[in-house]
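# Structure at a glance
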Amino acid sequence: MTRRARTPEGPYEVGSATLPQVRRISGKEELLDGPLDDADALYGNLRDLRRVNRWFGGVLLSTRAVDALLGGIDQAHILDVGTGAADIPLALLETARRRGHAWRFTAVDSRREVIDAARTLSPQLQSEPDLSMSVADGRVLPFDDQSYEIGHSSLLIHHLAPAEAVAMLKELARVARTGVVVNDLVRSRFTLAGAWLASHLLTTNRYTRHDAPLSARRAYSHRELIALLDAAGLRVLADFGGVGGHRRALAAVRA
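Notes on the structure in this doc start here.

Reading the values: rules and limits
- Residues numbered from 1 in each chain as written.
- Predicted model: local features only at pLDDT ≥ 70, side-chain atom pairs only at ≥ 80, totals over all residues.
- Heavy atoms only, no water.
- Helix = DSSP H or I, 4+ residues; strand = E, 2+ residues; numbered from the N terminus.
- Polar contact = N/O pair within 3.5 Å; in protein donor to acceptor, adjacent residues only side chain to side chain.
- Contact = heavy atoms within 4.5 Å.
- Axes fitted to C-alpha atoms, helices over the stretch in contact; angles between N-to-C directions.
- Parallel < 35°, antiparallel > 145°, perpendicular 65-115°, else oblique.
- Left-handed = near helix turned anticlockwise from the far one by under 90°.
- Nonpolar A, V, L, I, M, F, W, Y, C, P; charged D, E, K, R; others polar.
- Expected span 1.5 Å × (residues − 1).
- Buried < 20%, exposed > 50% of the residue type's maximum accessible area, 1.4 Å probe, protein only.

### Quick notes on the side chain of His101
On the secondary structure map, His101 appears in the loop between helix 3 (87–99) and strand 4 (102–109). A distance of 3.4 Å separates the side chain of His101 from the side chain of Asp74, its partner in a polar contact. Excluding residues that lie within four positions of it along the chain, His101 makes contacts with Gly72, Ile73, Asp74 and Ala96.

### Comments concerning the packing of helix 2 (residues 58–70) against helix 3
Interaxial distance between helix 2 and helix 3 falls to 10 Å at its minimum, and their mutual angle equals 55°. Classified by the angle between their axes, helix 2 and helix 3 sit oblique to one another. Of the two possible hands of crossing, helix 2 and helix 3 adopt the one that is right-handed. Of the residues in helix 3, those in contact with Gly58, Val59, Ser62, Thr63, Val66 and Asp67 of helix 2 are Ile88, Ala91, Leu92, Thr95 and Arg99. For the contact of helix 2 with helix 3, the residue count by class is five nonpolar, four polar and two charged.

### Some details on helix 1 (residues 39–55)
It helps to recall that an α-helix has 3.6 residues per turn; residues three or four apart then point in one direction. Over its 17 residues, helix 1 extends 24 Å from the first C-alpha to the last, a length consistent with the 24 Å expected when each residue adds 1.5 Å. Within the span of helix 1, buried status applies to Ala41, Leu42, Gly44, Asn45, Leu46, Asp48 and Asn53. Against the buried residues of helix 1 lie helix 2, helix 3, helix 4 (112–121), strand 6 (148–154), helix 7 (206–218) and strand 9 (247–254). In the segment just after helix 1, Gly57 is the residue with positive phi, at about 95°.

Function cannot be inferred from these measures alone, as they are strictly geometric.
Following this line, the structure appears as structure tokens:
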């Protein structure tokens, strides 16, 4: 079997910062980034991603990172970029209500098809008073400076090339008063093996089976994630790891 070589990307000039070379897979597109003309496959993929976040610690990682930034603040408006099924905002809202906190969310995705599928998958999104959804590109957010307490993204940054990732992080920092949370896969053999096993043992969805192993290969390393945040003018305040280090949530503030 022929192994696909990882061609280094970069170094990149991003403003005054220089990003180092990264050794992720590039030049291959996930099905979720292409035409979304198979509604059933899209619903199934969002359902799978929701299970992954719940079963393998994605929700917990975001909760810990948000807590690290908010420090028990009772009232907060949080922006979630690349929301997918909007399951993490819903889970964080549930946690906030149990604690007696008044948190609100704005959840955006760059694809109208994803927003519509999320609302079909989770009908409560239609009536949830503390969560609004809209279409927006995380690289060019249509919101005023410091409109939110926190800018959050989960399983988004590996979809972006380094320069695009830095642009998105700068936008999150611009609209956030307190800080930014990035929750994503970390590239490793363990992550790749886990993604392949989970996508072949736990689902038959064609989007998930194609995209999960590719996501693991497109993911940034832990060091590369920190370098991206640094290039966006952000300093890591807290860093939380998932099982086996397959995923990390980094809470960052303006440097």
